[in-house]
Amino acid sequence: MPASLVQNESILAIDVGAAVTRAVMFDVVEGQYRFVASGQAPSTAEAPFKDIGIGVREAVINLQNILGATLLGPQDNNLIAPSQPDGSGVDAVVATVSAGPAVKTVVVGLLSDVSLQSARRLAESTYSRVVETLSLSDHRKSDQQMDSIVRSRPDLVLLTGGTDGGASRSIQKMLEAVGLACYLMPMEKRPMILYAGNQNLANDVQELLGGHAGKLQVSYNVRPSLETENLAPASHELASLVMQIRQRQIKGIEELSLWAAGNVLPTSYAQGRMIRFLSKLYESTRGLLCVNVGASATSVAAGFAGELTLGVYPQYGLGENLAGILQHTEIEDIMRWLQLDISPNTLREYLFQKSLYPSAIPATLDEQAITQAIARQALYLSVRAAQKDFPSSAHAARTDLMPPLDLIIGGGGAVSDATSLGQSLLLLLDAIQPVGIMPVLLDQNNLLPLLGVAASRNQYLPVQVIESGAFIGLGTVISVIAAANYGDQVLRARLTYADGTEARAEVKFGGLEILPLPSGETARLSLQPLRRADAGLGPGRSGAVPVTGGALGVIIDARGRPLQLPSDPVRRRELIKKWYYTVGG
Amino acid sequence: MLAPMLHVLPLTTIVRERTLPVAGKVNARVDQKVSPTDVVAEASFAREHVLLDVARAFGVSALAADKMIRVNTGDRLAEGALVAEKSGIFARSIKAPRAGRVMVAGSGQVLMEVGDARIELRAGLPGIVTQVIPERGVVIRTAGALVQGVWGNGRIDNGLMISLIEKQDDVLTADQLDVSLRGSVILGGHVRDADTLRVAAELPVRGLIISSLLSPLIAPAYQMRYPILALDGFGAMPMNSAAFKLLTTNNKREATVNAEHPDRYSGHKPEVIIPLPVSSEPDEPNDYETWRLGATVRMRRPPNAGMIGAITNLRAGLSALPSGLRARAADVKLENGETVIVPLVNMEVVG
């Protein structure tokens, strides 16, 4: 019998985001774990509250109100655990945290295209901002490097370099710079250090840095040989160090950790863990892609045959870093997604003003449209950044295309807070621009990272919750790649329902077509491409595939890959409005 | 649900911590009366460090090198002073490349700090020192008017505040700034050109308190050596009526402009302090309170960003907004008489 049924534990999962704190209840219903309810409240990591506990309790109180059950003690406002015979309390707690400033990180490696590359990838797997880089190609003197580290006041140093049994002398020189920099910093400001380089030097590292670091953690080498990269063990250690940094920075993390008996993870790490797990579980031959557009960061987790690529991009978060997006993209690249006729200056001022109030939400339709446009560009940039680190097995037909995917899961405030499911779907399609045939799910309650952390408590819970339909199926997407002119017919599609009835679509290049297929239903989709178009079966290849339904049905996206938007702003805005209309506004 | 606050207070007790970024010496004592320009603490720190690798330079072991090092931790060295020497037929020496202090000597190396820089921490506001933070700074207590803003260029100064604003949506232009304003803190409206900032620097002024500025002026504003404080933000935002009324009625009073950069985590906000004489000390303001009927609130986001109103109804549950989203919200009667629905996360309590 599964352990979950023996234990029959109710699990309270808490996610502390930069803007919103969520409390989610998972419990056993009819022998299977289910997502029961969710309560939320504004996060309180920042001033004037400066204690995440306030937001956590408020989210739990809101959850209590929905459940009609008591979770917090009426006297002390503390969590009741384990659950009581009267139905109050919970058996276990798990938590994820993405609130907090970007972790200022120094990355150290030897060769810029080997260990330093791995160190950078490792840094990108969490909420970090690289403030200084040291490598063999850095010709500064040790004391200059040391001063530079001190000036950057890092929270974290990621030390890599050397294959196991390989180079040691060059690493020792860099260890010296890092060690002296730590020595020069006040004790309470010293950074935590993760060493994931040549394992033969682990003892030297302990000796040189152990007494000077805020904390020193030694992990397996991220580059045991030139050809092999192994980020997973170091990522695990990094997740733990990041939580310790958060504990130092944010009041209330320690209490949350006590509630959760230590089961607290950075949100992105838990999201990645879940995608790796699903990729293995469903033996995905192509890829699984999960994106999360949040206030603290936009994150992208991709699983290809069990291999995880995780990219966390605070610079593309929609909160306090919002104005900083202009350091990475042109204002026109955000404007292109707008259906509103506003000036670039208006948009620029919007970005700066909004970054003053990260937790504010769009109150008007115009503001919602601007938020959606910014979210598109943030996600577009994040997916492109992550794609560079996809494994070689994730083969794209062309360098400017995404590799084929088996599934897309979208989540995060900007995606799940769209005003309609069609709006959420269009945001994902515009930004990701997937190719092939795949279902698209919406993680409306941002459950995925919570399932990732709950897996450490109960391995059956994530699968049972996902299979119970906790995510909203938006539909199955068919992306058509074609070399055609706007308006040319590129595909004939016929959807045969279970009862034998049919729906047909004559798809023109540049168009977006929807064939209705309700959630929970399956049908057979026959595709007949024209002009050697590729509708997911290969260029010019016809065929029939089984498809599952969703809130929108079967969506045929023939708008082109990469998506070409008209340069004429009036025509572009009209087209965007038309697409919005097609997906239900 | 708790409500964040924006302080716009005609009379309150203000307690501010003023600290050095590095350890130093505190000059003030508890109960000392200080003026804004008084230096309450000072520190000197090394801008750079020099690492002299004696063992490597002499090609000997660290242990052997230690015997050749002629300086001790804490020694102050002049440029060219002897640091280490190797005797014998091939005698060699290492000299201090720059004047500085030996931070640590051992393991075959000498680490020096060089390029001393001095920081003077001024009180920034007039008041009484209520606490000395050893090696770091002081806590100062004063009474007066307090107006918080949303953005600052990181500088602090004080002077006589002169108002050049007549309406909340006025624009402050360079041609309004003449020599009679030299040494003053200027209260102006929206700034939309770098010329205004430059002319203010040339006078020079002791500070600019403005309603808003265009975002391309952020970089030039950081270059200015006087404090620039935006009360309402970026773009062409008018000054919120609460700050406008309070500041214009305090025209020609001494004001401290602490245009520190807002820090979301520490809660530090740029602020204007106008010290006022009091017979009895008023209460200190709260950092947050709960949403309540009648509370004066400022709209943080469109469509009424910057406007002041009063809560007339706290809605139960979630309310549908014109954007299509649903959120906890309140009915707010704005100063123009219009009543609007505003999500709680888009407001702050003024007080």
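Residues numbered from 1 in each chain as written. Chains lettered and ligands numbered in written order. Predicted model: local features only at pLDDT ≥ 70, side-chain atom pairs only at ≥ 80, totals over all residues.

For the rest of this paragraph, the subject is the overall build of chain B. In terms of regular secondary structure, chain B is built from 5 helices and 28 strands. A globule of 351 residues ought to have a C-alpha radius of gyration of about 20 Å, yet chain B, at 27 Å, is considerably larger. C-alpha atoms of chain B, sized along the principal axes, occupy 95 × 55 × 45 Å. Relative to its full complement of 351 residues, chain B shows a buried share of 44%. Long-range contacts, defined as pairs at least 24 residues apart, comprise 61% of the intrachain contacts of chain B with a sequence gap of at least 6. (Helix = DSSP H or I, 4+ residues; strand = E, 2+ residues; numbered from the N terminus. Rg over C-alpha atoms; globule rule 2.2 N^0.38 Å. Buried ≥ 20, exposed ≤ 12 C-beta atoms within 10 Å, placed from the backbone. Contact = placed C-beta atoms within 7 Å.)

Our focus in this paragraph is the sheet that holds strand β1 (residues 11-16) of chain A. Residues and elements named next belong to chain A. Reading across the sheet, the 5 strands line up as β3-β2-β1-β4-β10 and stay open at both edges, with mixed pairing between neighbours. For this open sheet the edge positions go to β3 (32-42) and β10 (264-266), each flanked by a neighbour on one side alone. Within this sheet the neighbouring strands show an average axis-to-axis angle of 20°, counted without direction. Taken together, the 6 bridges between β1 and strand β4 (residues 92-97) define a ladder with parallel strand orientation. Counted as the bridge partner of Val-16 is Val-97 from β4. Seen against the sheet, helix α2 (residues 52-67) touches β1, β2 (20-29) and β3 and runs at an angle of roughly 125° to β3. Docked against the sheet, helix α7 (residues 232-249) engages β4 and β10, running at close to 100° with respect to β10. (Pairing = 2+ DSSP bridges. Axes fitted to C-alpha atoms, helices over the stretch in contact; angles between N-to-C directions.)

In this section: the pairing of strand β15 (residues 184-187) of chain B. All names here are of chain B. Burial along β15 is two-sided: the face carrying Ser-184 and Ile-186 and the face carrying Val-185 and Leu-187 are both buried. The pairing of strand β14 (residues 155-163) with β15 spans 4 bridges and is parallel. Residue Ile-162 lies in a different strand from β15, and its bridge partner there is Ile-186. Note: β15 against strand β17 (residues 207-213), 3 bridges, orientation parallel. Counted as the bridge partner of Val-185 is Gly-207 from β17.

A word on helix α12 (residues 365-387) of chain A. With 23 residues, α12 of chain A extends 32 Å between its outermost C-alpha atoms, agreeing within 8% with the 33 Å of an ideal straight helix rising 1.5 Å per residue. Among the 23 residues that make up α12 of chain A, 18 are buried, leaving the element largely enclosed by the rest of the structure. (Expected span 1.5 Å × (residues − 1).)

Accessible area lost upon the coming together of the parts serves often as the stated size of an interface. The interface of chain B with chain A comprises 35 residues on the first partner and 34 residues on the second. Mapped onto the side of chain B that touches chain A, the elements with two or more residues apiece are β1 (2-6), β5 (39-53), β18 (228-234) and β27 (339-343) of chain B. When residues in the side of chain B that touches chain A are grouped by element, the largest group, 4 residues, is from β5 of chain B. Residue composition of the side of chain B that touches chain A, by class: 21 nonpolar, 9 polar and 5 charged. (Nonpolar A, V, L, I, M, F, W, Y, C, P; charged D, E, K, R; others polar.)

Take the nonpolar core next. Residue and element names in this part refer to chain A. Formed by 290 residues in total, the largest nonpolar core has its most connected members in Ala-13, Ala-95, Val-178 and Val-480. Sorting elements by how many residues they give to this core places α12 first, with 10 residues. Leave out the neighbours within four places in its chain, and Val-480 touches Val-490, Leu-491, Val-507, Ala-533, Asp-534, Ala-535, Ile-556, Asp-557 and Ala-558. (Core = buried A, V, L, I, M, F, W, Y, C linked by C-beta atoms within 7 Å.)

Below, the discussion takes up the environment of Glu-284 of chain B. All names here are of chain B. Along the polypeptide, Glu-284 turns up in the loop between β20 (271-275) and β21 (288-290). Classification of Glu-284 as exposed rests on a count of 11 C-beta atoms within 10 Å. Distance in space between the C-alpha atoms of Glu-284 and Val-15 is 7.9 Å, their sequence separation being 269 residues. Setting aside chain neighbours within four positions, we find Glu-284 in contact with Thr-12, Thr-13 and Val-15.

All names here are of chain A. Per the domain assignment, the segments making up chain A are domain 1 (3-97), domain 2 (103-249) and domain 3 (268-582). Distance between the C-alpha centres of domain 1 and domain 3: 30 Å. Opposite the 24 residues of domain 1 that make contact, domain 3 presents 23 residues. Of all the secondary structure elements, the ones that give two or more residues to the side of domain 1 that touches domain 3 are α1 (3-7), β1, β2, β3 and β4. Among the elements that line the side of domain 1 that touches domain 3, the one with the most residues is β3, at 6 residues. (Domains from an automatic or database assignment.)

Before going further, it helps to spend a moment on helix α14 (residues 421-432) of chain A. Residue and element names in this part refer to chain A. Over its 12 residues, α14 extends 16 Å from the first C-alpha to the last, a length consistent with the 16 Å expected when each residue adds 1.5 Å. With 12 of 12 residues buried, α14 is to be regarded as a mostly interior element. All of the buried residues in α14 are Leu-421, Gly-422, Gln-423, Ser-424, Leu-425, Leu-426, Leu-427, Leu-428, Leu-429, Asp-430, Ala-431 and Ile-432. Backbone geometry just downstream of α14 places Gln-433 in the positive-phi region, at approximately 55°.

Residues of chain A with pLDDT of at least 70 account for 99%, and the chain-wide mean is 93. Predicted confidence is poor over residues 1-6 of chain A, with pLDDT under 50, and the contacts of this stretch with residues over four places away or in other chains come to 11 contacts. (pLDDT = per-residue confidence, 0-100.)

Let us look at the packing of α12 of chain A against α14 of chain A. All names here are of chain A. Orientation of α12 relative to α14, taken along the N-to-C sense of each, is 40°, at an axis distance of 8 Å. Taken together, the axes of α12 and α14 are oblique relative to one another. The handedness of the crossing between α12 and α14 is right-handed. Residues Gln-372, Ala-375, Arg-376, Leu-379, Tyr-380 and Val-383 of α12 pack against Gln-423, Leu-427, Asp-430, Ala-431 and Ile-432 of α14. (Parallel < 35°, antiparallel > 145°, perpendicular 65-115°, else oblique. Left-handed = near helix turned anticlockwise from the far one by under 90°.)

A few words now on the sheet that holds strand β21 (residues 543-548) of chain A. Residue and element names in this part refer to chain A. Within the open sheet, the 4 strands sit side by side as β18-β17-β20-β21. Their pairing is antiparallel. Two strands in the sheet have a free side with no partner beyond their single neighbour: β18 (502-508) and β21. For this sheet, the mean angle separating the axes of adjacent strands, direction not counted, is 25°. Bridge analysis of strand β20 (residues 522-529) against β21 gives 6 bridges, and the strand direction is antiparallel. Following the sheet pairing, Arg-524 is matched in β21 by Pro-546.

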